[in-house]
Amino acid sequence: MKGIVIREFFGLMKGIKSILIILFITGISVLSARYMSSSSLFAEEASNPETTALAGLSFVLILFGALFVFTLSHDAVNRDIELQRIRLLITKTSRTSVIAGKFVAIWLFWAAVTMISFVIVSAITRTFVIHELLYLWVYLAFLASLCVLLSTLVTHRTYSVILSVLAGIAMPIIGLWSAFSQSSPVAAARYVLPYYPMAEQPVLLLVTAVEAGLALAAAVMLFRRKEL
Amino acid sequence: MEALTVHQLTKTFKSKEVVKQISFSLKTGEVFGFLGRNGAGKSTTINMLTGILPPTSGTIEILGTPYHQINSIKRRIGVLPDNSNYYNDMTAMQHMIFFSQVKGIPVRKDSLSELLEAVGLGEDMDRKAGQFSLGMKKKLGIAQALIGSPELVFLDEPTSTLDIESALQIRDLIGSLASKGTTVFMTSHNLDEVERICDRIAILHQGRIEKLGTIAELREAHNNRFKVKVKYRSGDKSRETIWLERIRQVADDVKRSEPFLELVVDSEEDIPWIVDNAVEQQVKIFGLEIEQPSLENIFLEQAQR
Ligand SMILES: Nc1ncnc2c1ncn2[C@@H]1O[C@H](COP(=O)(O)OP(=O)(O)OP(=O)(O)O)[C@@H](O)[C@H]1O
Ligand SMILES: [Mg+2]
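Being a predicted model, the structure only gives us computed values, none of them experimental.

About the cut-offs
Residues numbered from 1 in each chain as written. Chains lettered and ligands numbered in written order. Predicted model: local features only at pLDDT ≥ 70, side-chain atom pairs only at ≥ 80, totals over all residues. Heavy atoms only, no water. Helix = DSSP H or I, 4+ residues; strand = E, 2+ residues; numbered from the N terminus. Rg over C-alpha atoms; globule rule 2.2 N^0.38 Å. Buried < 20%, exposed > 50% of the residue type's maximum accessible area, 1.4 Å probe, protein only. Contact = heavy atoms within 4.5 Å. Areas by Shrake-Rupley, 256 points an atom, 1.4 Å probe, with all protein chains shown as cover. Axes fitted to C-alpha atoms, helices over the stretch in contact; angles between N-to-C directions. Parallel < 35°, antiparallel > 145°, perpendicular 65-115°, else oblique. Left-handed = near helix turned anticlockwise from the far one by under 90°. Buried area = accessible area lost by both parts, 1.4 Å probe. Salt bridge = Lys/Arg side-chain N within 4 Å of Asp/Glu carboxyl O. Nonpolar A, V, L, I, M, F, W, Y, C, P; charged D, E, K, R; others polar. Expected span 1.5 Å × (residues − 1). Near = heavy atom within 4 Å. Polar contact = N/O pair within 3.5 Å; in protein donor to acceptor, adjacent residues only side chain to side chain. Arc of directions from axis to C-beta.

Draft legend 1. Representation of the overall build of chain A. In terms of helices and strands, chain A carries 11 helices and 0 strands. Listing each helix as α and each strand as β along chain A from the N terminus yields α-α-α-α-α-α-α-α-α-α-α. Scaling as 2.2 N^0.38, a compact globule of 228 residues should have a C-alpha radius of gyration of about 17 Å, and chain A matches this with 18 Å. Each of the three principal axes of chain A carries a C-alpha extent, and together these read 60 × 40 × 25 Å. When each of the 228 residues of chain A is scored for burial, the buried share is 54%. Sequence separation of 24 or more characterises 77% of the internal contacts of chain A that already satisfy a separation of 6 or more. About 10400 Å² of surface is accessible on chain A, with carbon and sulfur atoms providing 71% of the total.

This is how it looks when you write it as structure tokens:
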């Protein structure tokens, strides 16, 4: 599994897309942190759980996280299947390790990106709100597991890229709509998607974590039955 | 001890039965050749044995481990699948390191480069696989199958696409594996190669094993046995006729065009008998050429049915 994690992780690091995303995310976090630390209201607002130093980062990732994670990694699994490299992996390790390795790599990549932002923001604001970072990591684990499931489910990369864009846009819209309007037709989605937990009810992130585990288990089951 | 035991193994794609209840076993340290025409089911069988394809039915035991625990012995087997691709942006050496990590084997660069040298990629180990020719990719495929000195190696057409010299090198490599006690399961369309390196072979025909055994055993079971060409001179015409009549009792296809006589006998024992009778009838024998059925004959007879 180690080899797969390393290869996938550095593969993600290398692309120009990921560099732009990292710059964008770090930039936004720094700007918002600067704004808050210079604002005289900051001391007051900090006591409000809704506004913390990492608010900028969380905000960006809630809006764009799904799109970023899905479009960067929609081909994590099906790429190796399409390019006929998968046989060289599954004859060396279990199929579960292949899926787990891909998931861990994607999640680690995003954990690293957010960690970088967190360190910079903490330095600027001289605060240390680790729980906010942990919430983000749960949220990102959810996205990473869904991404691996998508990539296992959809064998062709042309389809998975289209789906990744559609899902990346639709998920936050549905999720936020359900989170903020109890009368909306999608209100039930607040308990399924991680947006309501992220925005309002962090305790519900437990559900999100369970869902991530389920998505990963589904991906493993699918992958184990695939004829490669 | 058996390195591999297969019982009633079957694979069905949709409703098409491609491998039909085959059973065989491999002894530790033997080189087993799996032959058959295109589409006979060789690769499908290898893919089932190595965990690439789930079998439809039947049982497999690899290195004393039941098939459902195959993950626990993947470290101890090596596989060159029938078609496989590589990472264009990685060098041969980087592949070897990556595959060692995937396999969970400590990375030892010196032994990895030894493997690359053994397959003939010594000079290309720092080139990217994206620039490799078909033959070079095949060599990389063989090298990666041998990472971590596996006890059982599956090689699907290890020498196809290789030039003659490289094929010989790989043939030697397989021979040296066997002498170190590695069990090898290989497919090949090169019968000469199979004849030289395989201890036993199986001929697969439309998903069934039609023949199985050592090459000597297959020869024995084969129909057209020994083709004999005799160069002779007779002293006495009537005695020659007696000799020829005796020969016809044991031989078929007797063709005479002096000073040669061609015939086909069922058993090797008939040859000294023919010579003894020649002596008795004062027929002088100047030369004797015996042609054993080649694997090719055996194979063709199989394939023509
Ligand atoms: N995934 C698949 N779906 C359906 N049929 C398949 C599949 N894979 C193989 N087959 C069929 O199974 C049969 C056996 O194929 P296989 O690749 O095992 O042959 P082979 O003996 O390895 O041939 P070759 O010498 O050409 O490599 C063929 O008729 C092939 O068309
Ligand atoms: Mg084949």
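Alright, that's what it looks like, and here's the rest.
Draft legend 2. Spotlight on the overall build of chain B. Within chain B, the regular secondary structure consists of 10 helices and 14 strands. Its C-alpha atoms give chain B a radius of gyration of 25 Å, more than 25% over the compact-globule value 19 Å for 305 residues. Along the three orthogonal principal directions, the C-alpha set of chain B runs to about 80 × 45 × 35 Å. In chain B, which comprises 305 residues, the share counted as buried stands at 51%. For chain B, restricting intrachain contacts to residue pairs at least 6 apart in sequence, the fraction spanning at least 24 positions comes to 67%.

Draft legend 3. Region of the structure containing the packing of helix α8 (residues 130-153) of chain A against helix α11 (residues 205-225) of chain A. Residue and element names in this part refer to chain A. α11 packs onto α8 with a crossing angle of 20 degrees between their chain directions and a minimal axis gap of 8 Å. In this view, α8 runs roughly parallel relative to α11, as classed from their interaxial angle. When the axes of α8 and α11 are compared, the crossing they make is left-handed. Two secondary-structure elements touch here, α8 through Y135, V138, A141, F142, S145, L146, V148, L149, T152 and L153 and α11 through L205, T208, A209, E211, A212, A215, L216, A218, A219, L222 and F223.

Draft legend 4. Region of the structure containing the interface of chain B and chain A. In this assembly, 26 residues from chain B lie in contact with 23 residues from chain A. Here chain B and chain A share an interface that buries about 2300 Å² over both sides, 55% of which is from carbon and sulfur atoms. On the chain B side of the contact with chain A, I52, Y87 and V102 of chain B bury the most area, a combined 27% of that side's loss. Linking chain B with chain A are 4 salt bridges, by the criterion used here. Among the salt bridges present, the one from D89 of chain B reaches R7 of chain A, with a minimum N-O distance of 3.5 Å. Among the elements of the structure, β1 (2-13) and α2 (92-103) of chain B are those that each provide at least two residues to the side of chain B that touches chain A. For the side of chain B that touches chain A, the class distribution of residues is 12 nonpolar, 9 polar and 5 charged.

Draft legend 5. Quick look at α2 of chain B. Here α2 of chain B contains 12 residues, and its C-alpha end-to-end distance of 16 Å stays within 8% of the 16 Å for a straight helix at 1.5 Å per residue. In terms of burial, α2 of chain B is a largely internal element, 11 of the 12 residues being buried. Every buried residue belonging to α2 of chain B is among A92, M93, H95, M96, I97, F98, F99, S100, Q101, V102 and K103 of chain B, and all of these are buried. For α2 of chain B, the elements touching its buried residues are α1 (2-14) and α6 (86-90) of chain A together with β6 (77-80), α3 (109-118) and α4 (134-145) of chain B. G104 of chain B occupies a position one or two residues after α2 of chain B and carries a positive phi of about 80 degrees.

Draft legend 6. Layout of the site of ligand 1. Residues and elements named next belong to chain B. In the vicinity of ligand 1 there are 13 residues, among which G39, K42, S43, T44 and H189 approach most closely. Between ligand 1 and the protein, one listed contact pairs an oxygen atom with a side-chain N or O atom of T44 at 2.6 Å. In this structure, E157 approaches ligand 1 through a side-chain N or O atom, which is 3.3 Å from an oxygen atom. Protein chains shield 62% of the accessible area of ligand 1, which is 640 Å² for the free molecule. Of all the secondary-structure elements, those providing two or more residues to the shell around ligand 1 are β2 (16-27) and α1 (42-49). Broken down by element, the shell around ligand 1 gets its largest block of residues, 3 residues, from α1. Here the residues of the shell around ligand 1 are counted per class, giving 3 nonpolar, 6 polar and 4 charged.

Draft legend 7. Spatial organisation of α3 of chain B. All names here are of chain B. Along α3, the residues classified as buried are L112, S113, L115 and L116. Across the axial projection of α3, the buried residues extend over an arc of 150 degrees, all falling on one side. Tucked into the core, α3 has its buried residues touching α2 and α4. Positive backbone phi, at 90 degrees, marks G120, one or two positions downstream of α3.

Draft legend 8. The arrangement of the pattern of salt bridges in detail. Residues and elements named next belong to chain B. Overall, the coordinates contain 20 salt bridges over all chains when judged by the stated rule. Put simply, E151 and R76 hold a salt bridge, and the shortest N to O gap is 2.7 Å. Note that E151 is positioned in the loop between α4 and β7 (152-156) and R76 in the loop between β5 (65-66) and β6, a separation of 75 residues in sequence. The exposure class of R76 is partly exposed, given its relative accessible area of 32%. The salt bridge partner of K237 is E240, with a shortest N-O separation of 3.1 Å. With K237 and E240 both in helix α8 (residues 237-250) and 3 residues apart, this pair spans about one turn of that helix. Residue class for E240 comes out buried when judged on its relative accessible area of 1%.

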